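# Examining the three-dimensional arrangement
Letter by letter, the chains look like this.
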Amino acid sequence: MAKIIVITSGKGGVGKTTTSASIAAGLALSGKKTVVIDFDVGLRNLDLIMGCERRVVYDLINVIQGEANLNQALIKDKQCDNLFILAASQTRDKDALTDEGVKKVLDDLAAMEFDFILCDSPAGIESGALLAMRYADEALVTTNPEVSSVRDSDRILGMLSSKTEKARNGGSVKEHLLITRYNPARVEEGQMLSIQDVEDILRIPLVGVIPESEIVLQASNQGIPVIHMPDADAAQAYQDVVARLLGEERPMRFTEAVKPGFFKRIFGGR
């Protein structure tokens with residue numbers, strides 16, 4: 001049975017789509033048949049980060065409106081045999097997303113024997129975000145360690161506990177906290193909230209901490225999910241998140257500031 005996971009946040013620019021791409025790729029590399037759906041209608045970016053923008057012919061709205069079927073619209077990833085992408089439309093309005101249409105797409109994907117269906121949500125609480133989370137089993141609430149981002153994520157938790165199908169039926173969506181762009185040195189200098197600060201505010205289980213890294217932007221610009229760059233700290237952090245989602249216990253890494261070596265302390269420089 002397919003597990004539906006929404007990657008969501010209250011604030012834009014926190015790394016949801018980067019996270020969606022790397023988590024999807026990581027699950028596929030772990031042998032799980034995975035599809036990732038871009039719900040950000042009108043502002044399509046997932047296909048760029050996954051390097052398949054030139055292969056988009058049909059999109060999510062085409063499928064919902066009966067202009068194409070899933071077999072026509074799904075794009076097979078070139079690096080992972082088990083990974084497929086369903087792009088958002090760049091030319092339609094978010095109102096083209098309907099509850100019935102989204103449910104049918106998710107049901108049809110489940111019938112295609114996917115292990116995981118990832119929903120890359122737009123930021124905020126408008127209709128696209130609500131529909132991305134509506135049928136979720138689990139949620140990755142993605143936040144930067146800054147007050148405005150955390151506050152907006154708290155609002156998203158309220159939506160998950162009231163606006164989803166599981167909430168309507170007396171259940172709950174399993175929530176995971178993912179902190180992105182974390183810089184321990186800046187935390188020590190008081191420029192950024194600590195992991196403990198964020199946990200104290202949101203009070204949901206921490207599934208991972210992604211370190212701040214220029215490699216993430218480089219990977220996105222190249223159309224490669226950063227998880228495919230195994231030497232990068234951010235890639236290893238995403239690998240840890242995937243393992244935890246699959247039930248494996250791993251210690252949190254990249255959460256402590258790296259002390260400068262002897263020569264750097266003496267001579268300075270980068």
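Whatever comes next refers back to the structure up there.
Okay, so let's go over this structure. Position labels on residues start from 1 in each chain and follow its written sequence. In keeping with the predicted nature of the model, local features appear solely for residues at pLDDT of at least 70, side-chain atom pairs appear and are counted solely at 80 or more, and the whole-chain, interface and lining totals rest on all residues. Values reported for side chains reflect all heavy atoms of the structure, with hydrogen atoms and water molecules removed beforehand.

## What about helix H10 (residues 195-202)?
Note the following rule: Each residue gets one of three labels from its accessible area relative to the maximum for its type: buried under 20%, exposed over 50%, partly exposed in between, using a 1.4 Å probe on protein chains only. For the purposes of this entry, the term helix denotes a DSSP run of H or I that reaches at least four residues, the term strand denotes a run of E that reaches at least two, and both are numbered from the N terminus. To be clear, the arc concerns the directions from the helix axis to the C-beta atoms. Contacts were defined at the residue level, with two residues in contact if any of their heavy atoms lie within 4.5 Å.
Within H10, the full set of buried residues consists of Ile195, Val198 and Leu202. The buried residues of H10 occupy an angular sector of 70 degrees when the element is viewed end-on, so they sit on one face. On the buried face of H10, the contacting elements are strand E6 (138-143), helix H7 (147-160), strand E7 (174-182) and strand E8 (206-211). A positive phi of about 55 degrees marks Arg203, the residue just after H10.

## Observations regarding the side chain of Thr19
Operational definition: In protein, a polar contact requires one atom able to donate a hydrogen and another able to accept it; more generally it is a pair of N or O atoms within 3.5 Å, and residues adjacent in sequence count only if both atoms are side-chain atoms.
Within the secondary structure layout, Thr19 lies in helix H1 (residues 16-29). A polar contact is formed between the side chain of Thr19 and the backbone oxygen of Gly15, at a distance of 2.8 Å. Thr19 has contacts with Ile7, Leu140, Thr142, Leu178, Thr180 and Tyr238, leaving out every residue within four places of it along the chain.

## Some details on the environment of Ala139
Note on placement: Ala139 falls in strand E6. With relative accessibility at 0%, the residue Ala139 sits in the buried group. Through-space distance from the C-alpha of Ala139 to that of Leu157 is 9.3 Å; in sequence the pair is 18 residues apart. Those residues in contact with Ala139 that lie beyond four places of it in its chain are Val6, Leu160, Val173, Lys174, Glu175 and His176.

## Topic: the pairing of strand E5 (residues 116-120)
The test is simple: Think of it this way: DSSP has to see at least two bridges between two strands before they count as a pair.
A large share of E5 lies buried, amounting to five of its five residues. Of the two faces of E5, both are covered, the one formed by Phe116, Leu118 and Asp120 as well as the one formed by Ile117 and Cys119. Pairing geometry for strand E1 (residues 3-8) and E5, over five bridges, is parallel. When the sheet's bridge partners are listed, Ile5 is paired in E5 with Leu118. Alignment of strand E2 (residues 34-38) against E5, held across five bridges, turns out to be parallel. From the neighbouring strand, Asp38 faces E5, where its bridge partner is Asp120.

## Focus: the nonpolar core
Rule in force here: Residues enter a nonpolar core if they are buried and are Ala, Val, Leu, Ile, Met, Phe, Trp, Tyr or Cys, with the set joined through side-chain atoms within 4.5 Å.
One finds Leu86, Leu97, Leu109, Ile117 and Leu160 to be the most contacted residues of the largest nonpolar core, which totals 50 residues. Looking at which element gives the most residues to this core, the answer is H7, with five residues. When neighbours within four sequence positions are excluded, Leu86 is seen to be in contact with Val36, Ile37, Asp38, Asp59, Leu60, Val63, Leu70, Ala73, Leu74 and Val105. Grouped together as the second largest cluster of nonpolar side chains are 35 residues, Ile5, Cys52, Phe116 and Leu140 included.

## Points about the packing of aromatic side chains
Test applied: Side-chain rings of Phe, Tyr and Trp (the six-membered ring for Trp) are treated as a pair once their centres are within 6.5 Å; stacked means planes under 30 degrees apart, edge-to-face means over 60, and tilted covers the remaining angles. Geometrically, a charge over a ring is one whose NZ (Lys) or CZ (Arg) sits within 6 Å of the ring centre while staying within 35 degrees of the ring normal.
Tallied over the full model, the rule gives one aromatic pair. When the centroid spacing of 5.7 Å and the interplanar angle of 85 degrees are considered together, the rings of Phe84 and Phe114 count as edge-to-face. You can see Phe84 sitting in strand E4 (residues 83-86) and its partner Phe114 sitting in the loop between helix H5 (99-111) and E5, a full 30 residues away along the chain. Side by side, Phe84 and Phe114 carry an identical accessibility label, which is buried. Looking at Lys33, its charged tip hangs above the ring of Phe114, at a distance of 4.6 Å from the centre.

## Comments concerning the sheet that holds E6
Here eight strands make up an open sheet; going across it, the order is E3-E4-E2-E5-E1-E6-E7-E8 and the pairing mixed. What marks the edges here is a single partner per strand, and that holds for strand E3 (75-76) and E8. Sheet topology note: the E3/E4 ladder contains two bridges and is antiparallel. Along E4, the bridge assignment pairs Ile75 with Ile85.

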